[in-house]
Amino acid sequence: MKLFKNFITFEGIDFSGKSTQTKIIAEKLQALGLNVKLLREPGGAVISEKIREIILDNAHQELHPRTEILLYSAARAQIVHEKILPLLEAGDYLMLDRFYDSTTVYQGYGRKLDIHFVEALNKFATSGLAPYKTFFIDISPEEALRRRKAADRHSDRLDNENAEFYQTVWKAYQNLLHQFPNRYIVIPGDETIENISTFILHKIIEIWKLPL
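Note that the structure is a prediction, hence the values are computed from the model and not measured.

Asker: Would you take a moment to explain the sheet that holds strand 4 (residues 93-97) for this structure?
Answerer: Pairing between the strands of a sheet comes from backbone hydrogen bonds, and it takes one of two forms, parallel or antiparallel. Here five strands make up an open sheet; going across it, the order is 3-4-2-6-7 and the pairing parallel. Edge strands, defined here as strands with exactly one partner in the open sheet, are strand 3 (36-40) and strand 7 (184-188). Sheet twist, expressed as the mean angle between neighbouring strand axes with direction ignored, is 20°. Along the sheet, helix 7 (residues 163-179) makes contact with strand 2 (7-11), strand 6 (133-138) and strand 7, crossing strand 6 at roughly 140°.

Asker: When you look at the packing of helix 4 (residues 100-110) against helix 7 in this model, what are you seeing that I'm missing?
Answerer: A pair of packed helices is characterised by two quantities: the angle between their axes and the separation of those axes. Helix 7 packs onto helix 4 with a crossing angle of 130° between their chain directions and a minimal axis gap of 9 Å. Between helix 4 and helix 7, the angle is such that the two are oblique. For the pair helix 4 and helix 7, the crossing hand works out as right-handed. Here Asp 101, Ser 102, Thr 104, Val 105, Tyr 106, Tyr 109 and Gly 110 of helix 4 come into contact with helix 7, specifically with Phe 165, Tyr 166, Thr 168, Val 169, Ala 172, Tyr 173 and Leu 176. Its residues assigned to classes, the contact of helix 4 with helix 7 shows nine nonpolar, four polar and one charged.

Asker: What should I look at first to understand the layout of surface pockets in this one?
Answerer: Using a probe with the size of a water molecule, rolled over the atoms, empty space left in the structure can be pinpointed. In this model, the largest pocket occupies a volume close to 820 Å³. Taken together, 36 residues line the largest pocket, and the ones lying closest to its centre are Asp 14, Lys 18, Ser 19, Asp 97 and Arg 153. At the level of secondary structure, the elements contributing two or more residues to the lining of the largest pocket comprise helix 1 (18-31), strand 3, helix 2 (46-56), helix 3 (65-89), helix 4 and helix 8 (193-207). When residues of the lining of the largest pocket are assigned to their parent elements, the largest contribution, six residues, is made by helix 1. Considering only residue class, the lining of the largest pocket consists of 12 nonpolar, 10 polar and 14 charged.

Asker: How do you make sense of the pattern of salt bridges when you look at a structure like this?
Answerer: Where charged atoms of side chains with opposite charge meet at close range, the side chains can pair. Per the stated rule, a full pass over the model turns up 10 salt bridges. Between Arg 111 and Glu 68 there is a salt bridge; the shortest N-O distance is 2.8 Å. Taken as a pair, Arg 111 in the loop between helix 4 and helix 5 (115-126) and Glu 68 in helix 3 lie far apart in primary sequence, 43 residues in all. With relative accessibility at 18%, the residue Arg 111 sits in the buried group. A single network of salt bridges, built from pairs that share partners, joins Glu 11, Asp 14 and Arg 98.

Asker: Looking at this model, I keep getting lost on the packing of helix 4 against helix 5. Mind explaining?
Answerer: One way to put it is that helix 4 packs onto helix 5 with a least axis distance of 10 Å and a crossing angle of 150°. Between helix 4 and helix 5, the crossing angle belongs to the class labelled roughly antiparallel. As for how helix 4 packs across helix 5, the hand of that crossing is right-handed. Note on element contacts: helix 5 touches helix 4 through Ile 115, Val 118, Asn 122 and Thr 126, opposite Tyr 100, Thr 103, Thr 104, Gly 108 and Tyr 109. Of the residues contributing to the contact of helix 4 with helix 5, the split by class is four nonpolar, five polar and no charged.

Asker: Just checking my understanding: could you explain helix 4 for this structure?
Answerer: Think of an α-helix as turning once every 3.6 residues; residues three or four places apart then point the same way. In terms of residue burial, helix 4 counts as a mostly covered element, since 10 of its 11 residues are buried. The set of residues buried in helix 4 consists of Tyr 100, Asp 101, Ser 102, Thr 103, Thr 104, Val 105, Tyr 106, Gln 107, Gly 108 and Gly 110. Following helix 4 by one or two positions, Lys 112 adopts a phi angle in the positive range, close to 60°.

Asker: Can you walk me through the environment of Arg 76 in this structure?
Answerer: Mapped onto the secondary structure, Arg 76 falls in helix 3. In this structure, the C-alpha to C-alpha distance between Arg 76 and Asn 160, residues 84 residues apart in sequence, is 23 Å. Other than its neighbours up to four places away in sequence, Arg 76 contacts Glu 41, Phe 99, Tyr 100, Thr 103, Asn 122, Ala 125 and Thr 126. A distance of 3.3 Å separates the side chain of Arg 76 from the backbone oxygen of Phe 99, its partner in a polar contact.

Asker: Help me out: how do you make sense of unusual backbone geometry in this one?
Answerer: Most peptide bonds are trans, and most residues other than glycine sit at a negative phi. Of note, the amide linkage connecting Glu 41 to Pro 42 takes the cis form, showing an omega dihedral of -15°. Residue position: Pro 42 is located in the loop between strand 3 and helix 2. One non-glycine residue with positive phi stands out, namely Arg 98, at about 80°. Residue position: Arg 98 is located in the loop between strand 4 and helix 4.

Here is what the cut-offs are and how they apply
The residue numbers shown here count from 1 along each chain, following its written sequence. Per-residue local features of the predicted model are confined to residues with pLDDT of at least 70, and side-chain atom pairs are confined, for both listing and counting, to 80 or more; whole-chain, interface and lining totals are unaffected and use all residues. Just so you know, side-chain values use all the structure's heavy atoms and leave hydrogens and water out. A pair of strands is treated as paired once DSSP finds two or more bridges between them. We count a stretch as a helix when DSSP gives it H or I for four or more residues in a row; a strand needs E for two or more, and each element gets its number in order from the N terminus. To obtain each axis, a line is fitted to C-alpha atoms, and for helices this fit is confined to the stretch in contact; angles are then taken between N-to-C directions over 0 to 180 degrees. The contact definition used throughout considers only heavy atoms, calling two residues in contact when any of these lie within 4.5 Å. In what follows, roughly perpendicular refers to angles from 65 to 115 degrees, roughly parallel to angles under 35, roughly antiparallel to angles over 145, and oblique to any angle outside these ranges. Each crossing is labelled by how the near helix is turned from the far one, with a counterclockwise turn of less than a right angle marking it left-handed and a clockwise turn marking it right-handed. Here the term charged refers only to Asp, Glu, Lys and Arg, the term nonpolar to Ala, Val, Leu, Ile, Met, Phe, Trp, Tyr, Cys and Pro, and the term polar to all other amino acids, Gly among them. Here a cavity means grid points, on a 1 Å grid over the protein atoms only, where a 1.4 Å probe fits yet cannot get out; a pocket means an open set of points with protein on both sides within 12 Å along at least five of seven lines; lining residues are those with an atom within 4 Å of a point. Grid points are joined across faces, edges and corners, and a volume is the space filled by probe spheres set on the points. Any carboxyl oxygen of Asp or Glu that lies within 4 Å of a side-chain nitrogen of Lys or Arg is treated as forming a salt bridge with it. Only protein chains enter the accessibility calculation, which uses a 1.4 Å probe; a residue whose area is less than 20% of its type maximum is buried, one above 50% is exposed, and one in between is partly exposed. We call two N or O atoms a polar contact when they sit within 3.5 Å, provided that within protein one can donate a hydrogen and the other can accept it, with sequence-adjacent residues counted only if both atoms are side-chain atoms.

Encoded structure:
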């Protein structure tokens, strides 16, 4: 396992507010003078972004679960070796919006693929890279559905999944929380945006021992 203390990931079911928080936190840390990079999955590199377009395109409803996981893993392999590992090895601070935990819960449990295969594929795509800490913004599948209906945004292919799928994904995340209690930091997603960002910011300053 490759472990870098300067590598933090963010996880959560869709509409948890995860992406909003990563942007807020990155901007606050940069304003404090920290050279922190923010990347997203799938995406973050030219090839990975092109793969993201294929995965999320509503025109690709016939995408098979096995094809889907291989596309996610291909995008991940590219960003890890092109961007993430070089940044971490250079000593940069890195925050990543989703990582292989998302594949474990969405494709492994959500699509009902073989978990041992999924874990092996995750390790292969990342060359054994693991997050030092993972922030999980926790909302219920019911709240996620409410937010999805209220959201004024274009829906992608994954937004079309039913409530049962997101219930399965949420339960899978709960399993990960118990499996990796020392890595995961859980934040209730029903707090205000400001309260969540303040909590995360203080935790990151503590984790990275930043003299800010």
